[in-house]
Amino acid sequence: MSENTPPLAVPEHSVESFTRAFLRELNYGRGVDLDRASANDKYYALSRAVRHYLTTRWLETLRNQYRDQAKTVAYLSAEFLLGPQLENALLAADLEDIARESLANLGLDIDELQAVEEEPGLGNGGLGRLAACFIDSLATMNVPTVGYGIRYEYGIFKQTFVDGKQVEKPDHWLHLGSPWELPHPEYSVDVHFGGHTEDKPDGSDGARTWIPSWRVTAKPYNYMVPGYRNGRVNTLRLWSARARHDFDLREFNAGEYTEAVRARTFAENISKVLYPEDSTPQGKELRLQQQYFFVAASLHDFIEHVLPRDYDLKNLPDRIIWQLNDTHPVIAVPELMRILVDDKGWDWADAWAVTQKSFAYTCHTLLPEALEVWPVDLMGKLLPRHLEIIYRINEEFLEEVRAAFPGDELRVRRMSIIAEQPGRAVRMAHLATVAGFKVNGVAELHSELLKDKVLNDFAQMWPEKFTNVTNGVTPRRFIRLANPALSELITAAIGDGWITDLEQLRGLEPLADDAEFRHAFREVKGANKRRLAKVLMDRDGIELAGDGMVDAMVKRLHEYKRQSLKLLHIVSLYEGIKSGRIPLESVTPRTFVFGAKAAPGYVRAKETIELINAVGRTINADASLKGRLKVAFPPNYNVTLAEVLIPAADLSEQISLAGKEASGTGNMKFALNGALTIGTDDGANVEIRKLVGDENFFLFGMTEPEASSLESRGYDPGEYYESDPELKAALNLIASGHFTDGERGGAVASIFASLTERDRFMALADFRSYMDTQKKVEAAYLDHESWSRSAILNVARSGYFSSDRSIQDYLDRIWGAKPIDQNA
Ligand SMILES: [N-]=[N+]=N[C@]1([C@H](N)O)O[C@H](CO)[C@@H](O)[C@H](O)[C@H]1O
């Protein structure tokens, strides 16, 4: 900092100074008076006032980062499901009470202003939310970090229900602008596409010249990522696509008005909208454009804008680690090779040596269809130079395979980065595994299955490359912000150290045996249920079963997650009551809460939503059930709703077929908020059960080995349908059109057929075990003391599932970056 730059003063932490900052932003920032200000004006002014308190730390962090040139983690992710920003900024800046009092003095209710915020829905589900939790932990743990992603103009669609069917609405989250982003057009980067390549006569080994045919401008928007009261504010840099020239005057003058703006719309399409698929990639060209767009801009930004001019890129791996969040950013590998060989004139071998030390890859799935492959024609048309580089990487890699496994051409074909069947295509997971120096799964079981099955050939060749880092969630958002009542109870008992050291929750274990604490714990859960009931009534006119069990299943709608199995439980219970098989008074009052978006093109998923709503409508309208059973399916499940729903739950449904859910993170959030889990031994459920204890977890269903051996033996769902009368009765009731005004076709017919004929994810095979375990749940719930005891032990023993612990594992096992104390 040059001597004549006066140090930036941190605003005083007082109601008076906060009020001044708020009014200054309102008057000078928004140009309005308090009595004429709109809700958005007040929300904007409030957000900007809070930003003041964090900006000084932000600038200090950036200044120190340039000064120290410390090793930085660059988290490359096509998705960041950030959630509401204001509440998190207030918490990080320790301004909650000050802001609340300051606004109250002005006759304003801070909760009302917070509700104005449109949450940035820049992600689909677990993968995007994990990225957001991780950058929160990296900042709170003082790790120099930059998150790189895309500033989609339209985030994940808004879900509405019309006659129970999902109807998507565009999520124009920026229509009122966002007070949390700072554009930096001066750091814009040109990103090229298309064209062809030519020899580079005097070039270094492997160098060629790329003649692109078109380009767009990547404009960066910076977002603050504040650490929790530690003086560090890291940066999330999201790129927005712009045409080089917004407007072509020549075209306009020639009267080609549409032509004049064509380039602009074309370019802006790249960051227009998030692809709404979760675990089933869209092979569309625009998707590959999006991936290359943000990756190319990010690499250029760091190498050309962050590193000192004369930085020797040979040392790049000591200065930055590029973490690849799934295969979406893997095109970064040939991009770095292109920069080093074509632009910097390095020899291929030197470039490859640095590239192999610069990237690490996190795989988030086990579903073969979720592994991205790009047809070579499409890659060759859009990124001709990158395809050439991938071919050479593959060539040299297959030489290595042949050397390690002489004569095993089948292995060579299996491992090749280029698939030959059904069409020639680039296997992005193979490219990531060949180039990455570390490959990790996101839960112990997942990482084992990656080594034993999905990437087994690679694990045999490079066993040391494979590791595991079990996912985690940030306790700042998912306990402290989402569940203030529980936070106060915990802090009163063990202090507030748990917020940044979640293992301290262990201190609660003895209190599980304390009747008074159990009572207080139930009071908190009860209050959270009443809060949820009010939100669902105000938001969607939905009623909960008065003071009953809240049984929640909230996650994307996907057949492997088995919302259909949950539905079979509800229908079987209902059928049992209606047929007299189950006495109504023996049924524990229960509300089945669903939250789930289906990818717009995923027909079976949308049919399942339709059927859940149909069953819900019938049950909720059935007076004979005396309100004992309720189905609540609030539309548009997102981070904001999760923060109200999860703290209110008693039972967490984690019922995927074993071997299909890589990890899950909702399961962790529920356990940390005192819900008991009914689940299979899948993903992170296995580690949750191990830590909380079998007696505090409702395990059911086949294990992964049992499921895969049933599959290999040939699974016939019809056998289960025929042999289990309760199952048959439930399926037949659905098929009869009972829930669909007699309609037996459409969703009813296709779901009945898919479950009784194919049932790829074996819902019918696990039905009996699930039903029997649900009976254990009912019995256990009747004993409130033992239930609360188990719930408290779930909280106390789930500290491991903090994303801070995940980040420490990444630091220890993969990154080698170090926390840098800002205040040192
Ligand atoms: N894509 N993807 N993968 C997922 C989730 N659907 O986003 O990533 C999440 C984050 O790793 C996992 O918890 C989850 O099991 C997995 O299916």
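All figures in this text were calculated on a predicted structure; none of them were measured in a lab.

### As for the packing of aromatic side chains
Next, step 1: Counting across every chain of the model gives 23 aromatic pairs.
Next, step 2: When the ring of Phe302 is compared with that of Trp322, the centres are 5.9 Å apart and the planes differ by 80 degrees; the resulting orientation is edge-to-face. Highlighted residues: Phe302 in helix H9 (residues 285-306) and Trp322 in strand S13 (residues 320-325), separated in sequence by 20 residues.
Next, step 3: On the basis of relative accessibility, which here comes to 0%, the residue Trp322 falls in the buried class.
Next, step 4: Seen from their ring centres, Tyr560 and Phe761 are 6.4 Å apart, and the 65 degrees between their planes marks the pair as edge-to-face. Of this pair, Tyr560 sits in the loop between strand S20 (549-554) and helix H22 (563-578) while Phe761 sits in the loop between helix H30 (746-758) and helix H31 (763-782), and the two are 201 residues apart along the sequence.
Next, step 5: Linked through ring pairs, Tyr75, Phe134, Tyr810 and Trp815 together constitute an aromatic cluster.

### So, the pairing of strand S18 (residues 438-441)
Next, step 1: Alternating positions in S18 separate into two faces, Lys438 and Asn440 on one and Val439 and Gly441 on the other, with burial throughout.
Next, step 2: Looking at chain direction, strand S14 (residues 359-362) and S18 are connected through three bridges and run parallel. Counted as the bridge partner of Tyr361 is Val439 from S18.
Next, step 3: With three bridges joining them, S18 and strand S19 (residues 466-468) adopt parallel strand pairing. Considered in S19, the bridge of Gly441 is made with Asn468.

### Details of the sheet that holds strand S16 (residues 418-419)
Next, step 1: Overall, antiparallel pairing links the three strands, which are arranged S15-S17-S16 in an open sheet. Unpaired on one side and paired on the other, strand S15 (373-375) and S16 mark the two borders of the sheet.
Next, step 2: Packing of helix H16 (residues 428-435) onto the sheet brings it into contact with S15 and strand S17 (425-427), and relative to S17 it is tilted by some 45 degrees.

### Regarding the domain arrangement of the protein chain
Next, step 1: In terms of domains, the protein chain is made up of domain 1 (1-68 + 94-118), domain 2 (71-83 + 121-436) and domain 3 (482-799).
Next, step 2: Computed over C-alpha atoms, the centres of domain 1 and domain 2 are 34 Å apart.
Next, step 3: Contacts between domain 1 and domain 2 engage 19 residues on the former and 27 residues on the latter.
Next, step 4: Here domain 1 meets domain 2 over a buried area of about 2000 Å², counting both sides, of which 58% is carbon and sulfur.
Next, step 5: Looking only at domain 1, the three residues that lose the most surface to domain 2 are Arg51, Trp58 and Glu118, adding up to 34% of its buried area.
Next, step 6: Across the pair Asp94 and Arg229 runs a salt bridge whose closest N-O atoms are separated by 3.4 Å.

Basis of the calculations
- Residues numbered from 1 in each chain as written.
- Predicted model: local features only at pLDDT ≥ 70, side-chain atom pairs only at ≥ 80, totals over all residues.
- Heavy atoms only, no water.
- Phe/Tyr/Trp six-rings, centres within 6.5 Å; stacked < 30°, edge-to-face > 60°.
- Helix = DSSP H or I, 4+ residues; strand = E, 2+ residues; numbered from the N terminus.
- Buried < 20%, exposed > 50% of the residue type's maximum accessible area, 1.4 Å probe, protein only.
- Pairing = 2+ DSSP bridges.
- Contact = heavy atoms within 4.5 Å.
- Axes fitted to C-alpha atoms, helices over the stretch in contact; angles between N-to-C directions.
- Domains from an automatic or database assignment.
- Buried area = accessible area lost by both parts, 1.4 Å probe.
- Salt bridge = Lys/Arg side-chain N within 4 Å of Asp/Glu carboxyl O.

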